[in-house]
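If you want the building blocks of each chain, they are given just below.
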Amino acid sequence: KTTMELHYKATVDNEEWEISSIQVDGLERLKDLKSELISANEWDERSKVSFFRDSNSATKQLAFTTRVQQLLSDNSEENPLAVIVLLPPKEQPNDGPPHQKFEFFFKRNLRDLTLTDSRWIMNVQIMRWTTSVTNHVYWRSCYSNILCSVIGGLEHAFSKWKAASAPDSTENIVRTEQFVITGTQGTGKSILGAFLGLVLSQAYGWLVKYQYGSESNVATFGDKTSEKNVLIWDGSSGGEVPQNPGQSFLVMVTSYKSAKWSYIAQQGSWSRVQGNLIFINPTPEKEIEAIAQAQASSDGWKTQYEYAGGIPRICLLDRETAKDVIDKACEQFATLQKLPSSVDQLLQEDKTVNSRGQKVYPGLVAHFIPTLPFRADHQLAIASSYVGEKIRQEVKKAREKEVHETMRQLLQIKKARSLVGWIWEPFFSKKTLDKASVSFIGCALPAKNNRVSTLLESTSDYVPLVYEDLEDFRKKFNEKGQKHTVIGKAKKDNAEAIDGIIVKRNPLKVIGVQLCVSESKHDVTEKGVEEIQQLHEAICGTAEEQTSPAAELWFVQPEECLEADFDFVSMQALKFKHPKQLPHESNNNRKRKRTAVLSSNQTS
């Protein structure tokens, strides 16, 4: 009987091993091979093992369900299977003064750290002073930008202070600069804050005082003779904000508390408009995948991502626990009655409950999304499609008065207006399918030059249609709606092109409906505009009652927008760079070109 051997090359904690081979008789899948390799090499059973077809870091990782037999055909010493192994953190004693735990990280040589092509920093034990100690760090794509922004801001502020301190200077600049690195919990702020201290102390000559939580967890690193000194305070574990940092520059790393953090950040001299707030991005799907690839139980990460969105610590839980945590968060914070107050808690102070040993907090249902080029401001967005679907289901069973009240309250909170879209679209669908009386009131854009009027007032005699795509709409319109006003809604909320279609009578016209609650803009694809114009020509091209060659596009907002400090009559201009030439077929089938442009003065 021939013994089956598989050649592999292991990289263990960034150390490349020589090519080896292992017998794979009786091994069905890679998950079996993983166990065999751990045993044969005496690696810790908690090791994280990943497989790739070759050593090229761009190669897609192989799933643990891959059959071993499939890998044998082209396997050889010249073309071995690549095995990446991350050993678990070594057990460290919890006793001893805090500064000893900090020293293990802050006193290591920065030049010894290398960033792999797959964005891992290997062999760097960090966060030893917490329960989240790790031997390896995934370097998120937003880290470099934030690191450079903060270091650049501190260096610039110090230079200004130094120049103002010269004997012949007449400037009076206070030596202070305060940054707040903040955002959604669980997105890697603490790791970034620690690396900021390491880089400042070793590469830029700063004396860094690092404090984790209370004043009992503090240590100082760097050049003690340096004029440049900074306090980095990580408030993730609690503790009071340092009240008197003295002459130090201050960097805070903490979850968001709007009023307090804005006030502290605005004490800095660099930017008083937004303050020196820097919002970290929620973790995008591709980064969750990269982190999960290093996990032994990474197969289900995509489902967890659909539950939790950009929070790695939840995405890397098992499926049942992740779902339970998000369900508990939705129950606590995302019902229609609780959503406005949850947003207020998210913006002002943290509120947490426990589920299966995991923290449940408002940030699990809504994430902070950085805005502005320097990430100095933010908007809130629903955390995931799963949370959005929970809210849509709430709308379907809620009373109309309750829905209106929730939208009204959320629209009063500027940062939360995008959340209203998850309520407004299913509510619009519900109302039209129930054949409720609806009124569309508005004007052509730009609104300054146009009069507001009733564009369409329809009682229950209109025909409601739910359609899959425009071809499905056309088919159903021909069957049911040729003699009536039709209000159609795409079956799928958040449709890629246009949310709905109205066929209006007297005069006959096709109108694309874009549901929105946006304060200043709403993206519309050119494809969607083309399709609406083509549908208009197909339905109205031969009709005697047609009076316009162009369809219209209406941006439809809930009436509660009128109570906010913005409304549709002054926003929502739609512009394209070039007019779009669309074919038009006349009654006698002679084809000619007609300019059909949905420009700002043709939209409502």
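See the structure shown above.
Okay, so let's go over this structure. Every value quoted in this text rests on a predicted model; they were computed, and no experiment measured them.

From N to C terminus, the chain includes 16 helices and 26 strands. Long-range pairs, those at least 24 residues apart, make up 60% of the contacts in the chain between residues at least 6 apart in sequence. Of the roughly 30000 Å² of accessible surface on the chain, a fraction of 46% belongs to carbon and sulfur atoms.

Attention now goes to the pattern of salt bridges. Counting across every chain of the model gives 18 salt bridges. Note that R67 and E28 form a salt bridge whose closest N and O atoms lie 3.3 Å from each other. Residue R67 is located in the loop between β4 (48-52) and α2 (69-72), and its partner E28 is located in the loop between β3 (20-23) and α1 (30-41); the two are separated by 39 residues in the primary sequence. The class of R67 is partly exposed, set by a relative accessible area of 36%. Under the relative-accessibility criterion, E28 is labelled partly exposed at 46%.

Let us look at the packing of aromatic side chains. Taken as a whole and assessed by the stated rule, the structure comprises 24 aromatic pairs. With a centroid separation of 5.5 Å and an interplanar angle of 70°, the aromatic rings of W120 and Y138 are classed as edge-to-face. Taken together, the positions of W120 in strand β6 (residues 120-121) and Y138 in strand β7 (residues 137-138) put the pair 18 residues apart, joining distant regions of the chain. By the burial criterion, W120 is buried, and Y138 matches it. Measuring from ring centre to ring centre gives 4.8 Å for Y307 and Y386, while their planes differ by 70°; the resulting arrangement is edge-to-face. Note that Y307 is positioned in helix α8 (residues 301-308) and Y386 in helix α12 (residues 385-397), a separation of 79 residues in sequence.

Taken across its six residues, strand β9 (residues 207-212) has five buried, putting it largely inside the fold. Pairing geometry for β9 and strand β11 (residues 229-234), over six bridges, is parallel. Bridged to K209 within β11 is L231. Joining the antiparallel neighbours β9 and strand β10 (residues 218-221) is a turn of five residues, in which G213 adopts a positive phi near 80°.

Another aspect to go through is the sheet that holds strand β21 (residues 486-490). If you trace the five strands from one edge of the open sheet to the other, you get β20-β21-β22-β23-β24, paired in mixed fashion. Whereas interior strands pair on both sides, the edge strands pair on one side only; in this sheet they are β20 (463-467) and β24 (552-556). If you compare each strand with its neighbour and ignore which way they point, the axes differ by 25° on average. As paired strands, strand β22 (residues 500-504) and strand β23 (residues 509-515) are joined by five bridges and run antiparallel to one another. Residue pairing across strands places I501 opposite G512, the latter belonging to β23. The strands touched by helix α14 (residues 421-433) are β20, β21, β23 and β24; relative to β21, the strand with the most contacts, the crossing angle is about 140°. Contacts between helix α15 (residues 470-480) and the sheet are confined to β20, β21 and β22, with β20 contributing the most and set at about 150° to the helix.

Looking at the secondary structure, you find C540 in helix α16 (residues 526-540). With a relative accessible area of 0%, C540 lands in the buried category. In sequence terms C540 and P507 are 33 residues apart; their C-alpha atoms lie 9.9 Å from each other.

So, about the nonpolar core. Counting 71 residues, the largest nonpolar core has I314, I326, L364, I423, W424 and F440 as its most contacted members. When residues in this core are grouped by element, the largest group, six residues, is from helix α10 (residues 319-333). Each residue touching F440, except ones within four places of it in the same chain, is listed here: F428, S453, T454, L455, L456, I487, I502, W554 and V556. With 43 residues, the next largest nonpolar core counts I151, F195, L198 and F249 among its residues.

Between α8 and α10, whose axes approach to 9 Å, the crossing angle comes to 5°. Taken together, α8 and α10 sit at an angle that is classed as roughly parallel. Of α10, the residues touching α8 (which contributes T303, Q304, Y307 and A308) are R319, A322, K323 and I326. Taken together, the residues of the contact of α8 with α10 sort by class into four nonpolar, two polar and two charged.

This part is about unusual backbone geometry. Trans peptide bonds make up the majority, and among non-glycine residues the majority have a negative phi. Backbone geometry places E42, a non-glycine residue, at a positive phi of 55°. Relative to the helices and strands, E42 is located in the loop between α1 and β4. What makes E42 exposed here is its relative accessible area of 72%. The phi torsion at K435 lies on the positive side, around 55°, for a residue other than glycine.

The rules we used
Within each chain, residue numbers correspond to sequence positions counted from 1 in written order. It should be noted that, the model being predicted, local features are given only for residues of pLDDT at least 70 and side-chain atom pairs only at 80 or more, the latter also being counted only at that level, while totals for whole chains, interfaces and linings use all residues. The basis for every side-chain value is the complete set of non-hydrogen atoms in the structure, without hydrogens or water. Only DSSP runs of H or I with at least four residues qualify as helices, and only runs of E with at least two residues qualify as strands; both kinds are numbered from the N terminus onward. Contacts between residues were defined by any pair of non-hydrogen atoms, one from each residue, lying within 4.5 Å. Per-residue and other accessible areas were derived by the Shrake-Rupley procedure at a 1.4 Å probe size, with only the shown protein chains allowed to occlude residues. For this document, the term salt bridge refers to a Lys or Arg side-chain nitrogen within 4 Å of an Asp or Glu carboxyl oxygen. Using a 1.4 Å probe on the protein chains alone, a residue whose accessible area is under 20% of its type maximum counts as buried, one over 50% counts as exposed, and one in between counts as partly exposed. The rule is short: rings of Phe, Tyr and Trp, with Trp giving its six-membered ring, pair when the centres are within 6.5 Å, and they are stacked under 30 degrees, edge-to-face over 60, tilted in between. By this definition, two strands are paired if DSSP reports at least two bridges between them. Fitting a line to C-alpha atoms yields each axis, with helices limited to the stretch in contact; the angle taken between N-to-C directions then spans 0 to 180 degrees. Remark: nonpolar core denotes a set of buried residues (Ala, Val, Leu, Ile, Met, Phe, Trp, Tyr, Cys) joined through side-chain atoms within 4.5 Å. Angle categories are assigned with fixed cut-offs, so that under 35 degrees is roughly parallel, over 145 is roughly antiparallel, 65 to 115 is roughly perpendicular, and the rest are oblique. Each residue receives one of three labels: charged for Asp, Glu, Lys and Arg, nonpolar for Ala, Val, Leu, Ile, Met, Phe, Trp, Tyr, Cys and Pro, and polar for the others, Gly being one of them.

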